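Report on the structure
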Amino acid sequence: VIDPGHGGRDPGAGNAQCFEKEVCLEVARLLRDQLNSRMPEVRVVLTRESDVFVPLKQRAAQANEIGADWFISLHCNAQAGHPRAVRGSESYVMGLHKTKENLEVARRENLSLLYEEGQEAGSDDALERILLHHLQDRNLQRSIECANAIERAFSTNHPGGSRGPRQAGFVVLHQAAMPAVLVEMGYLTHPDDAALLCSTEGRRNVATSIAEGLGALLANAPVKACASQTEGSDGAMYCIQLAATRNDPGADPRWRGVEGLQIAREDQLYRVFVGSYTDPGQARRDAFMWVKRGFSDAFVVPIPGTD
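My aim in this report is to walk through the structure given alongside it, one point at a time.

Parameters and conventions
Residue indices begin from 1 for each chain and proceed along its sequence in written order. With pLDDT at 70 or above as the cut-off, local features in this predicted model cover only qualifying residues; side-chain atom pairs require 80 or more to be listed or tallied, and sums for whole chains, interfaces and linings still use all residues. Hydrogens are left out, water is left out, and the side-chain values use all remaining heavy atoms of the structure. Strand pairing is assigned whenever DSSP detects at least two bridges linking the two strands. Numbering goes from the N terminus for both helices and strands, where a helix is a DSSP run of H or I of at least four residues and a strand is a run of E of at least two. The axes used here are C-alpha line fits, helices contributing only the stretch in contact, and every angle between their N-to-C directions lies in the interval 0 to 180 degrees. In what follows, a contact means two residues having at least one pair of non-hydrogen atoms within 4.5 Å. Burial here depends on accessible area, computed with a 1.4 Å probe over protein chains only, as a share of the maximum for the residue type. Under 20% is buried, over 50% is exposed, and the range in between is partly exposed. By disulfide we mean two sulfur atoms from cysteines, separated by a distance within 2.5 Å. Salt bridge, as used here, is a side-chain nitrogen of Lys or Arg placed within 4 Å of a carboxyl oxygen of Asp or Glu.

Regarding the sheet that holds strand 3 (residues 89–94)
Strand order in the open sheet formed by five strands is 1-2-5-3-4, and the pairing between neighbours is mixed. Across the chains shown, the open sheet's two edge strands, defined by having one partner strand only, are strand 1 (2–4) and strand 4 (162–168). Along the sheet, successive strands turn relative to each other by an average axial angle of 25 degrees, direction set aside. One ladder, built from six bridges, connects strand 2 (residues 71–77) with strand 5 (residues 180–187); its direction is parallel. When the sheet's bridge partners are listed, Leu-74 is paired in strand 5 with Val-183. Packing against the sheet, helix 1 (residues 20–38) makes contact with strand 1, strand 2 and strand 5, and its axis sits at approximately 140 degrees to strand 2.

Structure, rendered in structure tokens:
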């Protein structure tokens, strides 16, 4: 899922040439086209297709609902003071505001909450919050790898260079149940970055950098194997690993009554799998349900020979 930041009554940062909301939408469209061309097997969804306002929590909720594998939120940065004081790209993952500068960036992007009419402190179910935090903890390393890949591409392609991966508390990332990165594509307050972000060619170059970073990340992604019993199932591409344990699942009462279990022995571990899917989104949604049932280590893996 590609999330063009801001939109509608929330313009974001801006200058005399353009606003953040329009830069984000155009780069998102270009990025979608490039990803579709580079990796036609990948489905790319935008959280908004036009100049409309979408609440922060709804953006991540869209990704959660369809079981997205990645969530990339696009933004432009701004800096008070001298216009040439700072420029370049930054990519953020969910974390603590480790510096005053990171806190200021998160504060500015989270101001979108002010445009959400009638929003109150949520009454979300406590269990759902716990499960979401659990998934975020497990996905943090993958988020960092994604941020690193994007910034490596920017470091060679962005005229302003890369300011590197960082951590801060963005609301839109906090709600995502998958690896998530917020990309600040440059500073609209810096005249050279502004020239890049406010031009058609510059936006295309920015989209190309992000696509290259994501392409490198996915090309090097480790592949975990499902149990051999599932290999060759008609149309199957994914299954869910419920656990990896040194204890024989056949002698463990925990697994009694769980239908469709598949067990593989590997490296002195028993790996327990369930299901077979052609739709990775449905597999991710079912994995989330297994987490809710108490199988906290559940996650989706590809079946060998089908990817």
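Re the environment of Gly-169
Looking at the secondary structure, you find Gly-169 in the loop between strand 4 and helix 5 (171–174). Overall, Gly-169 belongs to the buried group, its relative accessible area being 16%. The spacing of Gly-169 and Val-93 is 76 residues in sequence and 8.2 Å in space, taken between C-alpha atoms.

Brief notes about the environment of Ala-13
Within the secondary structure, Ala-13 is located in the loop between strand 1 and helix 1. Looking at Ala-13, the relative accessible area reads 9%, which means it is buried. For the pair Ala-13 and Tyr-187, spaced 174 residues apart in sequence, the C-alpha separation works out to 9.0 Å.

Structural notes on unusual backbone geometry
Positive phi is not limited to glycine here, since His-6 has a value of about 60 degrees. Relative to the assigned elements, His-6 resides in the loop between strand 1 and helix 1.

Description of the state of the cysteines
Counted under the stated rule, the structure contains one disulfide. Paired by a disulfide, Cys-18 and Cys-198 hold their sulfur atoms 1.9 Å apart. The sign of the S-S torsion, about -60 degrees, decides the handedness of the disulfide formed by Cys-18 and Cys-198: left-handed. On the criterion of sequence distance, the pair formed by Cys-18 in the loop between strand 1 and helix 1 and Cys-198 in the loop between helix 6 (191–197) and helix 7 (200–219) is long-range, its members being 180 residues apart. Lacking any disulfide linkage, Cys-24 is separated from the closest cysteine sulfur, that of Cys-76, by 4.5 Å. Since its relative accessible area comes to 0%, Cys-24 is described here as buried.

Details of the pattern of salt bridges
Considering all chains together, one arrives at 10 salt bridges under this definition. Note that Arg-203 is salt-bridged to Glu-22, the shortest N-O span being 3.7 Å. Pair noted here: Arg-203 is in helix 7 and Glu-22 is in helix 1, with a separation of 181 residues, a long-range link. Exposure remark for Arg-203: the relative accessible area of 10% places this residue in the buried category. The exposure class of Glu-22 is partly exposed, given its relative accessible area of 34%. We note a salt bridge from Arg-32 to Glu-49, for which the minimum N-O separation is 2.9 Å. Of this pair, Arg-32 sits in helix 1 while Glu-49 sits in the loop between helix 1 and helix 2 (56–66), placing them 17 residues apart in sequence.

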